[in-house]
Amino acid sequence: MNKKGLTEETIFDQLNDFQKKDLKYNSGRILGSMCTKPHPIAIKAYTKFLNSNMGDYGLFPGTKRMEDEVIQMLGGLLHNEQAYGCVVTGGTEANLMAIRAARNTAKKEKGITSPELLLPKSAHFSFKKAADLMNLKCIPLELDDNYCVDIDFLNENISKNTMAVIGVAGTTELGEIDPLPAISDICFDKNIYLHVDAALGGFIIPFLNVLDYDLVDFDFKLDGVCSITTDPHKMGLAPIPSGAILFREKKYLDVMNIDTPYLTMKQQSTIVGTRSGASVAATWAVMKYLGYEGYCEIVKEVMFNTHFLAEELVKNGYELVSNPLLNIVSFNSKDCSPEVLLKYLKNNGWIASLSTCPPGIRIVLMPHITKEHIIDFMDCLKKRS
Ligand code: 0PR
């Protein structure tokens, strides 16, 4: 560490140098990210609440009220305004909380001591972290031809030790939505905890359905759904970090409570202690500012761009891995592997990502990618052949 403090000018010169090395969302070159440029209103609200700590929210009742309102707004989008939950750091922490709640409930209500987690092969790797931390046995669920959970396989693998089933609404690699109505029926009948990971889909599907898309139900409308992850820092346009976990019943938060004798509240159910009130304020502000109609416009635009890209790829001889349901396109070239194509794109300044199951070049059409960027991207692909 430097002995004497530097001047503000020197510090900002250095900060600028660091920042210059980073890619910029505005360039349209970031093609594999689920995060995007936060909305200006969210940035403004974020800086206003830097002092608020939700880990001791008795000191910050105003910020806590905003958190409750965020959860209520999200609950409204997901068909349950009475949902319980909190703003967390992202999808990983939300999924971790859901698994912890499910594990503790399974132990308390059913005496399960060797818990098994039924996890779709398409599920995000955050569940593997949760399983590792909590010493859970993961049973991978096979997928059907549409890369969604195979219902027969699920049925065959439920056992007396099943502590939870995971369903995904917007898979990380392909944006697929598992057959959640059928999964919910099974879990409801067998009294098994069902967690839906809608980290991506939670800020897309509710808006697509009013735009005349006919996507399957995935949220609290389904009786078997016990909790849902939805991430404001993905399609919600909130700054990083902002995730959210919603539970159908308060008991799921209660089973995670730890006594906190010297805080302003008696108990805490979150994994982290000190929590950002700035994230809460930013999320509240952007949701209020855009409203339902604002998000519909954003979602309409990203889906337009998704279909535009998919059509252009097909016109130019590329093969789509699947028809995009949400804002993810995965494709292959007929003459080279995804790895080779990824490298070609990288050498030309386009940072895409790979899908692995099945292999392909994966593009996430976030709001920072415009039609013009897609045209430039296609020009780059055309120059290859
Ligand atoms: N659930 C799903 C369905 C996800 O896709 C992700 C992340 C998570 C949970 C975990 O969310 P957090 O990363 O917020 O904890 N999906 C992206 C991924 O891992 C996240 C991402 C974001 C990746 C920006 C790259 C990037 O530049 O692919």
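Residues numbered from 1 in each chain as written. Predicted model: local features only at pLDDT ≥ 70, side-chain atom pairs only at ≥ 80, totals over all residues. Heavy atoms only, no water.

J.: Even after reading the chapter, I still don't get the nonpolar core, so can you show me in this structure?
T.: General note: in soluble globular proteins, nonpolar side chains tend to be found buried as a group. Within the largest apolar cluster, 63 residues are counted, with the highest numbers of intra-cluster contacts made by Leu 154, Leu 180, Val 196 and Met 235. When residues in this core are grouped by element, the largest group, 13 residues, is from helix α10 (residues 277-315). Each of domain 1 (8-37 + 292-384) and domain 2 (41-288) contributes no fewer than three residues to this core. Apart from the residues lying within four places of it in its own chain, the contact partners of Val 196 are Gly 167, Ala 169, Leu 180, Phe 218, Val 225, Ser 227, Ile 228 and Thr 229. Of all hydrophobic cores here, the second largest spans 31 residues; its members include Ile 99, Leu 119, Phe 127 and Met 163. (Core = buried A, V, L, I, M, F, W, Y, C linked by side-chain atoms within 4.5 Å. Buried < 20%, exposed > 50% of the residue type's maximum accessible area, 1.4 Å probe, protein only. Helix = DSSP H or I, 4+ residues; strand = E, 2+ residues; numbered from the N terminus. Domains from an automatic or database assignment. Contact = heavy atoms within 4.5 Å.)

J.: I'm lost on the packing of helix α2 (residues 40-48) against α10 in this one. Help?
T.: Between two packed helices, both the angle of their axes relative to each other and the distance between the axes serve to describe the pair. Interhelical geometry of α2 versus α10 gives an angle of 145° and a closest axis separation of 7 Å. You can see that α2 and α10 cross each other, and the crossing is right-handed. From α2, Ile 41, Ala 42, Ala 45 and Tyr 46 reach across to α10, where they touch Ala 278, Ser 279, Ala 281, Ala 282, Ala 285, Val 286 and Tyr 289. In terms of residue class, the contact of α2 with α10 is built from 10 nonpolar, one polar and no charged. (Axes fitted to C-alpha atoms, helices over the stretch in contact; angles between N-to-C directions. Left-handed = near helix turned anticlockwise from the far one by under 90°. Nonpolar A, V, L, I, M, F, W, Y, C, P; charged D, E, K, R; others polar.)

J.: Where do I start with the environment of Gln 72 in this structure?
T.: Secondary-structure assignment places Gln 72 in helix α3 (residues 61-77). Here Gln 72 falls in the partly exposed class, since its relative accessible area comes to 39%. Along the chain, Gln 72 and Gln 268 lie 196 residues apart, while their C-alpha atoms are 20 Å from each other.

J.: Help me understand the sheet that holds strand β1 (residues 84-88), please; the structure alone is not making it clear to me.
T.: Think of a sheet as strands paired side by side through backbone hydrogen bonds, with each pair either parallel or antiparallel. Taken together, the seven strands give an open sheet; going across it, the order is β1-β7-β6-β5-β4-β2-β3, and neighbouring strands pair in mixed fashion. Since the sheet does not close on itself, it has two edges, and those belong to β1 and β3 (137-141), each with one partner. If you compare each strand with its neighbour and ignore which way they point, the axes differ by 20° on average. Here β1 runs beside strand β7 (residues 243-247); their pairing, made up of five bridges, is antiparallel. Across the sheet, the residue bridging to Tyr 84 is Phe 247, located in β7. (Pairing = 2+ DSSP bridges.)

J.: Explanation requested: empty space enclosed by the protein in the structure shown.
T.: For the structure on display, the rule yields one cavity of 30 Å³ or more. In this structure, the largest cavity encloses a volume near 40 Å³. In terms of lining, the largest cavity is formed by Gly 28, Leu 31, Leu 309, Trp 350, Ile 363, Leu 365, Ile 369, His 373, Ile 374 and Phe 377. Its residues assigned to classes, the lining of the largest cavity shows eight nonpolar, two polar and no charged. (1 Å grid on protein atoms, 1.4 Å probe; cavity = no way out; pocket = protein on both sides within 12 Å on 5 of 7 lines; lining within 4 Å. Points joined across faces, edges and corners; volume = space filled by probe spheres on them.)

Scope: geometric values only; no functional claims are made or implied.
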